[in-house]
Amino acid sequence: MNRPKIVILGAGYGGMITTVKLQKMLGRNEADITLVNKHNYHYQTTWLHENAAGTLHHDHTRIKISDVVDLNRVELVQDTVVSLQPDEKKVTLENGELTYDYLVVGLGFEAATFGIQGLLENAFTINNINSARLIRDHIEYNFARYNNEKEDRQDLLNIVIGGAGFTGIEFAGELGNRVPELCKEYDIPREKVRIITVEASPTALPGFDEELVEYAMNYLESQGVEFKLGTMLKQVNENSIIVEKDEQQEEIPSSNVIWAAGVRGNSIVEETGFETARGRVKVSEDLRAPGHDDIFIVGDCALIMDKENDRPYPPTAQIAIQEAEVTAHNLKTLVHGGSKLEAFEPELQGTVASLGEGQAIGVVFGGKKLFGWKASVMKKIIDNRYLLKLGGVGLLLKKGKFNIFTK
C-alpha cells in the first residue's frame, strides 16, 4: 500500500506547526510529508515591525527550517507556488509540480491596498524579512541624504504610517525608539523628524479597549508620534501623500510611507476558484475547504467566523497556531483510516501590543488589562512560548527574548 502524500504549502505559523506536529504524530512509514517554502527559513511575522524600524536585527527573527524540522523525515522543497489544481490534486511550482493526497494551504497574506492611488508604486509594506529590511535601509538612507541635499527636504524626514491597527501602532512604537538614534547618527535635530500615523477610523486600534488605546496614544505621542484619526489616505506620490478629513484635503511631504492598514489572503487561493472574501476561504468546522475533503486551509487564507457576533476572527498568529494543531490531528486521523475529525474552536488567550522599549498594552486571562512594563514582559512570554512550542528549549535559548527589564 502506498503511503499517502501530505503536502504543506508555506512555512508560516500554520505551516510550520502543522509540519512539526505531523513529524511527531506519524511514523516514518505512515506518510510522505513535503513542506514547500520560498526560503529555507521560517520567520516571526509578529517581529517584522522591529526589523523594519531597525530595532531588532532580521537574523534574530528568522529561524532555519532545518533547526526545527527533521529533513530526514520531511522533504523540504524550496520553491515558489504558482497555482493549485484541486481537481487534479496537483500544485504547480516555478520549478516543477507536486501531487498530493492531502494538501495544507498556509500561503500567508498580502497587503490590502483598497485601491488607493499610487500606494503600490510609492509605499512600502511590512510583508516579510526582505520587505522589512528594505524599509529599514530606505529610512536610514533618507536620513543620511538629508544633510547632503542643497534644499530643505522635509519629505526625507517625515515617516508616514498608513493605519493605526496593531502593526501600525507597534511599528510607531519601535520608531519612537529608533528615530533618536538615527538623529544622533546623522546630525539631525529630533524636532525636525515627524512620525505621522494616518487612520481612517475615529480611533487608533479600532475595537480594542478604550482605556488601553488612550494609554497607547498618550505614550506614543510622548515619543513624538502624531495621529491623524478619522483621516483617509487618498493618494501616495513619490515624495508626498494626500489625506482627507471632513472633506478637506492636505498634502504632507514624505518619501517614507509604510502601509500597515490591512491584509488579505494570498491571491493564489482566490485564483484557484475557491469562494473567498479578500482572499480568505470560509472553511468548514474541521478546517477543510468546502467541496474538497483533501484540502485544509490555515492561517491568513482561512476565514473563521465568530459565532457570537457573526464576524470573522482576525487572522492572528495565535489562531494560526491553534488551527495548525487541529489540522495535524485531523491529518493523523485520516492517515490512520479514521473519519471523525476534530472541529476547530479558537481559544483566545489574550492580545498584547508592543509600544517599543519596555512598553506595551494588553488584555489577557479573560479580560485582565496590562499596561507598560508588565504588558511588555507578557509580550515576551508569549513570543517565547511559541519558540518553545516550535523547537523546544534549544530554540528558545537561541532565539528567545529574555531582556525583560528593557526591550
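If you're wondering where the values come from, they're calculated on a predicted model, not measured in any experiment.

### A few points about the overall build of the protein chain
Helix and strand content of the protein chain: 10 helices and 29 strands. Relative to the compact-globule value of 22 Å for 407 residues, the protein chain shows a C-alpha radius of gyration of 22 Å, a close match. If one aligns the C-alpha atoms of the protein chain with their principal axes, the spans along those axes are about 75 × 45 × 45 Å. Scored against the burial criterion, the 407 residues of the protein chain give a buried share of 53%. Counted over contacts in the protein chain with a minimum sequence separation of 6, partners at least 24 positions apart contribute 66%. By element, 47% of the accessible surface of the protein chain is carried by carbon and sulfur atoms, the whole surface being about 18800 Å². Of the side chains in the protein chain, 44 bear a positive and 58 a negative charge, and the two mean positions are spaced by 6 Å.

### With respect to the nonpolar core
Counting residues in each nonpolar core, the largest one holds 66 residues, and the members touching the most others are Ile6, Leu9, Met16, Val81, Ile297 and Leu390. Per-element accounting of this core gives the leading share, 10 residues, to helix H9 (residues 317-335). Membership of the second largest hydrophobic core comes to 43 residues, among which are Ile135, Tyr146, Val179 and Tyr219.

### Things to note about the pattern of salt bridges
Applying the stated rule across the entire model yields 26 salt bridges. A salt bridge links Glu88 to Lys90; the nearest nitrogen and oxygen atoms lie 3.4 Å apart. Residue Lys90 is classed as buried on the basis of its relative accessible area of 18%. One salt bridge connects Lys89 with Asp294, and the closest N-O pair in it is separated by 2.5 Å. Here Lys89, found in the loop between strand E6 (81-85) and strand E7 (90-93), pairs with Asp294, found in strand E23 (residues 292-297); they are 205 residues apart in sequence, far enough to count as distant. Linked through salt bridges whose partners overlap, the residues forming this network are Arg145, Glu149, Arg153 and Asp155.

### A short note on the UniProt feature "domain: FAD/NAD(P)-binding" (unreviewed entry) in the protein chain
The UniProt record annotates "domain: FAD/NAD(P)-binding" (unreviewed entry) at residues 5-324. Taken as a whole, residues 5-324 contains 28% helix and 32% strand, while its terminal C-alpha atoms sit 18 Å from one another.

### A look at the packing of aromatic side chains
Across all of its chains, the model carries five aromatic pairs by this definition. Their ring planes at 55° and their centres at 6.4 Å tell us that Tyr41 and Tyr43 sit as a pair that is tilted. For the pair Phe114 and Trp259, a centre-to-centre distance of 6.4 Å together with 70° between the ring planes defines the contact as edge-to-face. Of this pair, Phe114 sits in the loop between strand E10 (109-111) and helix H4 (119-122) while Trp259 sits in strand E18 (residues 256-259); the two residues are 145 residues apart in sequence, bridging distant segments of the chain. Stacked on the ring of Tyr41, the Lys or Arg Arg62 has its end atom at 5.1 Å from the ring centre. Above the face of the Trp47 ring, Lys401 is positioned so that its terminal group lies 4.2 Å from the ring centre.

### Brief notes about unusual backbone geometry
One non-glycine residue, Glu247, lies in the positive phi region at around 65°. Checked against the element boundaries, Glu247 lands in the loop between strand E16 (240-245) and strand E17 (248-253). A positive phi is found at Phe365, a non-glycine position, where the angle reads about 50°. Checked against the element boundaries, Phe365 lands in the loop between strand E28 (360-364) and strand E29 (368-371).

### Quick notes on the pairing of strand E27 (residues 350-354)
Judged from the five bridges that link them, E27 and E28 form a sheet pairing that is antiparallel. Opposite Gly350, over in E28, you have Val364 as the bridge partner.

### Brief notes about the sheet that holds E27
In a beta sheet, neighbouring strands pair by backbone hydrogen bonds and run either parallel or antiparallel. In space, the three strands of this open sheet follow the order E27-E28-E29, with antiparallel pairing throughout. Two strands lie at the open edges of the sheet, namely E27 and E29, each paired on one side alone. Across the sheet, the axes of successive neighbouring strands diverge by a mean angle of 5°, strand direction being ignored.

### Regarding the packing of helix H5 (residues 129-146) against helix H6 (residues 166-185)
One can describe the packing of H5 onto H6 by two numbers: an axis separation of 11 Å at closest approach and a directional angle of 35°. In the packing of H5 onto H6, the handedness of the crossing is right-handed. On H6, the residues touching Ile135, Ile139, Glu140 and Phe143 of H5 are Phe171, Leu175, Arg178, Leu182, Cys183 and Glu185. Split by residue class, the contact of H5 with H6 holds seven nonpolar, no polar and three charged.

### So, the sheet that holds E6
A sheet is described by the order of its strands in space; here three strands give the open sequence E6-E7-E8, paired in antiparallel fashion. The open sheet terminates on both sides in strands that have one partner only, identified here as E6 and strand E8 (96-99). In this sheet, adjacent strand axes meet at a mean angle of 20° when their direction is disregarded. Of the strand pairs in this sheet, E7 and E8 are connected by four bridges, and their pairing is antiparallel.

### So, helix H7 (residues 210-222)
The terminal C-alpha atoms of H7 lie 18 Å apart, and with 13 residues this matches the ideal 18 Å at 1.5 Å per residue to within 8%. Residues of H7 that are buried: Leu212, Val213, Ala216, Met217, Tyr219 and Leu220. The buried residues of H7 all sit within an arc of 165° when viewed along its axis, so they share a single face. Turned more than 90 degrees off the buried face of H7, the exposed positions are Glu210, Glu214 and Ser222.

Rules behind the numbers
- Residues numbered from 1 in each chain as written.
- Predicted model: local features only at pLDDT ≥ 70, side-chain atom pairs only at ≥ 80, totals over all residues.
- Heavy atoms only, no water.
- Helix = DSSP H or I, 4+ residues; strand = E, 2+ residues; numbered from the N terminus.
- Rg over C-alpha atoms; globule rule 2.2 N^0.38 Å.
- Buried < 20%, exposed > 50% of the residue type's maximum accessible area, 1.4 Å probe, protein only.
- Contact = heavy atoms within 4.5 Å.
- Areas by Shrake-Rupley, 256 points an atom, 1.4 Å probe, with all protein chains shown as cover.
- Lys, Arg positive; Asp, Glu negative; His and termini not counted.
- Charge placed at Lys NZ, Arg CZ, Asp CG, Glu CD.
- Core = buried A, V, L, I, M, F, W, Y, C linked by side-chain atoms within 4.5 Å.
- Salt bridge = Lys/Arg side-chain N within 4 Å of Asp/Glu carboxyl O.
- UniProt positions renumbered as here; feature names shortened; annotations may be inferred.
- Phe/Tyr/Trp six-rings, centres within 6.5 Å; stacked < 30°, edge-to-face > 60°.
- Lys NZ or Arg CZ within 6 Å of the ring centre and 35° of its normal.
- Pairing = 2+ DSSP bridges.
- Axes fitted to C-alpha atoms, helices over the stretch in contact; angles between N-to-C directions.
- Left-handed = near helix turned anticlockwise from the far one by under 90°.
- Nonpolar A, V, L, I, M, F, W, Y, C, P; charged D, E, K, R; others polar.
- Expected span 1.5 Å × (residues − 1).
- Arc of directions from axis to C-beta.

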